[in-house]
Amino acid sequence: MRIGTQITYSGGFAETVAEVADLERAGLDIVFMAEAYSFDAVSQLGYLAAKTTTLKLASGIFQIYTRTPSLMAMTAAGLDFVSDGRFVLGLGASGPQVIEGFHGVRYDAPIGRTRELVDICRQVWRREKVQYDGKYYQIPLPADKGTGLGKPLKIINHPVREKIPIVIAALGPKNVALTAEIAEGWQPIFFHPERAGDVWGEAIAAGKAKRDASLGDLEIYAGPALAIGDDVDHMLDWIKPHLALYIGGMGARGKNFYNDLACRYGYEAEAKTIQDLYLDGKKQEAAAAVPDELVRAISLIGPEGYVRERVAAFKEAGATTLTVNAIAPDSAGRVAQIEKLRAIIDA
């Protein structure tokens, strides 16, 4: 089992880079760089490539609507080039609040667009002349939609790899089935080991039934919070505002993927309460309404023996990488947490 982490939007970049280098030495395997509507992730990943040696570098995530498929492929190939083959292309649909609200692009057909984008990326990486006649993307652009001067082209440079690993962030059954069919990896959010099979098992099985054997086994990147110690239970409360934001505030009523997930985990009443409170502006009350049971289930917070049991539960549920959020007051503390987790996994 591998260890990863996600770089967030806060903090100074120089300090973050220094910490990533320390985390690499402590046993970290992969780092995901967030983008959302912050600074672009490409420039930061390129810089990290020069400051690390073995660490895999992943986008976490590139939104499928904000780059053309060919540009997405070029970007991935460029990052794979500067990192000597260490890049992982993390993709996701994001949500209409960001895609339409910040980028001004229509949020539509996430499943169909993801499938076509992945097909085109792999065509580019194989250095084929890009020709694609899909429902959402036509390359070259048909004459009746443009000047008629477009012609099939292939990427100028030779990519380091023609198969750059693709990890897709997906929640809904159809999205998860597609991911299990076409991607090397799947990145769920709020992964609950004991209930993941009930929620996603059927979708994963349906996708795997269509999966090309050349893709290998599906990698699962779970994302628990991490705090190993004998007096860390109070840190459960540190996670609740984050959960309340997603379950309560990431979308309108009836259009919140994360609220739907909490309901599918069996927390229908609690999810409704959290959403009602959050949308009414009562964020502290919404956080307080997040059940301890849910926070504990999706996290690695507790004494070493307990965390060892939870790591085993994540592994049993199919997780192959734990993309942790190490909770500590400073960089040294976060590095120490990664070292402790590395020791537990390697024991």
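Below or above, wherever it landed, is the structure these notes cover. Small disclaimer: the values here were computed from a predicted structure and weren't measured.

The next point concerns the packing of helix H1 (residues 13-26) against helix H14 (residues 331-346). At a minimum axis distance of 9 Å, the contact between H1 and H14 shows a crossing angle of 20°. One finds that H1 runs roughly parallel with respect to H14. Classified by chirality, the crossing of H14 by H1 is right-handed. Where H1 abuts H14, its residues Glu-19, Asp-22, Leu-23 and Ala-26 lie against Ser-331, Arg-334, Val-335, Ile-338, Glu-339 and Arg-342. Of the residues in the contact of H1 with H14, the class split is four nonpolar, one polar and five charged.

With three bridges connecting them, strand S5 (residues 87-92) and strand S8 (residues 166-169) associate as parallel partners. Across the sheet, the residue bridging to Leu-89 is Ile-166, located in S8. Note: S8 against strand S9 (residues 185-187), three bridges, orientation parallel. The partner of Ala-169 across the bridge, within S9, is Gln-187.

Applying the stated criterion to the full structure yields 19 salt bridges. One salt bridge connects Asp-29 with Arg-342, and the closest N-O pair in it is separated by 2.9 Å. With Asp-29 in the loop between H1 and strand S2 (30-33) and Arg-342 in helix H14, the pair connects residues that are 313 residues apart, well separated along the chain. What makes Arg-342 buried here is its relative accessible area of 14%. When the shortest N-O distance is used, the salt bridge between Arg-308 and Glu-304 registers 2.8 Å. With Arg-308 and Glu-304 both in helix H13 (residues 304-316) and four residues apart, this pair spans about one turn of that helix. Look at Arg-308 and you get partly exposed, because its relative accessible area is 38%. On the basis of relative accessibility, which here comes to 44%, the residue Glu-304 falls in the partly exposed class.

Calculation notes
The residue numbering used here restarts from 1 in each chain and proceeds along that chain's sequence as written. Local features in this predicted model are restricted to residues of pLDDT 70 or higher, and side-chain atom pairs are both shown and tallied only at a pLDDT of 80 or more, whereas totals for entire chains, interfaces and linings draw on every residue. Hydrogens and waters are ignored; side-chain quantities use all the structure's heavy atoms. Axis angles are defined between N-to-C directions and span 0 to 180 degrees, where every axis is a line fitted to C-alpha atoms and, for a helix, only to the segment in contact. Each helix corresponds to a stretch of at least 4 residues labelled H or I by DSSP, and each strand to a stretch of at least 2 residues labelled E; elements are numbered beginning at the N terminus. Reported orientations rely on four angle classes, namely roughly parallel under 35 degrees, roughly antiparallel over 145, roughly perpendicular from 65 to 115, and oblique for the rest. Should the near helix be turned anticlockwise from the far one by less than a right angle, the crossing is left-handed, and should it be turned clockwise, the crossing is right-handed. Working rule for contacts: check all heavy atoms of both residues, and any pair within 4.5 Å makes them a contact. Side-chain classes are defined by residue name, with Ala, Val, Leu, Ile, Met, Phe, Trp, Tyr, Cys and Pro counting as nonpolar, Asp, Glu, Lys and Arg as charged, and the others, Gly among them, as polar. The rule for pairing is simple: two strands pair if DSSP sees at least two bridges between them. By definition, a salt bridge exists where a carboxyl oxygen of Asp or Glu is found within 4 Å of a side-chain nitrogen of Lys or Arg. For each residue, the accessible area found with a 1.4 Å probe, counting protein chains only, is set against the maximum for its type, and the residue is called buried under 20%, exposed over 50%, and partly exposed in between.

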